[in-house]
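A structural walkthrough
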Amino acid sequence: DPCRPVLEEKGAAVHDCAGIHVVELHGPPIARARRLGELVHDGILSREVLRYFSEKVSEVTAAQTGWLAAPLGIAFNQVVRLFHRRAPAPLAEEIDAMASGLQEDPIVLRRGISLADTGVLLQGLGSYPGFHWIPATGCTSVATPLPDGGFAYGRNLDFAGVGVWDRHPMHLLAEP
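The rules behind these values
Sequence order as written defines the numbering, with residues in each chain counted from 1. Given that this is a predicted model, residues contribute local features only at a pLDDT of at least 70 and side-chain atom pairs are listed and counted only at 80 or more, while totals for whole chains, interfaces and linings are drawn from all residues. Hydrogens and water are ignored here; the side-chain numbers use all heavy atoms of the structure. Count a disulfide wherever a pair of cysteine sulfur atoms falls within 2.5 Å. Counting from the N terminus, the helices are DSSP H or I runs at least four residues long and the strands are E runs at least two residues long. Here's how the labels work: a residue is buried when its accessible area is under 20% of the maximum for its type, exposed when over 50%, partly exposed in between, all with a 1.4 Å probe on protein chains only. Here, a salt bridge means any Lys or Arg side-chain nitrogen found within 4 Å of an Asp or Glu carboxyl oxygen.

1. Describing the state of the cysteines
As used here, a disulfide is simply a covalent bond connecting the sulfur atoms of two cysteines. What the rule picks out here adds up to one disulfide. Two residues, Cys-3 and Cys-17, share a disulfide whose sulfurs are 1.9 Å apart. As the torsion about the S-S bond is roughly 120°, the Cys-3-Cys-17 disulfide counts as right-handed. Residue Cys-3 is found in the segment before β1 (4-9), and its partner Cys-17 is found in strand β2 (residues 12-17); the two are separated by 14 residues along the sequence. Exposure remark for Cys-3: the relative accessible area of 42% places this residue in the partly exposed category. Classification of Cys-17 as buried rests on a relative accessible area of 16%.

2. A word on the pattern of salt bridges
A complete count under the given rule lists five salt bridges for this structure. Between Glu-104 and Arg-47 there is a salt bridge, with its nearest N and O atoms 2.6 Å apart. Of the two residues, Glu-104 sits in the loop between α4 (89-102) and α5 (106-126) while Arg-47 sits in the loop between α1 (29-41) and α2 (48-65), which places them 57 residues apart along the sequence. Residue classification places Glu-104 among the partly exposed positions, given a relative accessible area of 28%. Residue classification places Arg-47 among the buried residues on the basis of a relative accessible area of 17%. Counted as one network, the salt bridges with shared partners bring together Glu-9, Arg-35 and Glu-38.

Next up, the structure:
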């Protein structure tokens, strides 16, 4: 099927290509990140995937622990903050810009981005008696500085989100 334009404007375009959103973003990284957040906030792109990743731990915690959910949620947010403290400044600025476009607290986006990485920690806790209810994740992430001063990042997505991710496929092209 031919692609159908959903949005075309300076610096951003969204096309629906047989049910897959193809998103093109142009401009500096912070502007691209903010615009991607706005596209989600405005309903042009689905918020469901972000909601799945950012709320998965808190939903399971609330269902399993009752009154302990709030303190455990605060503790999890602190772990996420510690993880993100080591992120390169330009990446942190992009995350904050996307959160601004989403009109969300940056910790919500950071929780979502970090679920695969914090999943290893959670799986370790889930091996202790009384903590078997903690969800297991299967994603693998790699992040490393490069000798030339750049930064490489990669992640696979083998997780329990069937029925969420596959209903909202997207291909993102960012330039430069």
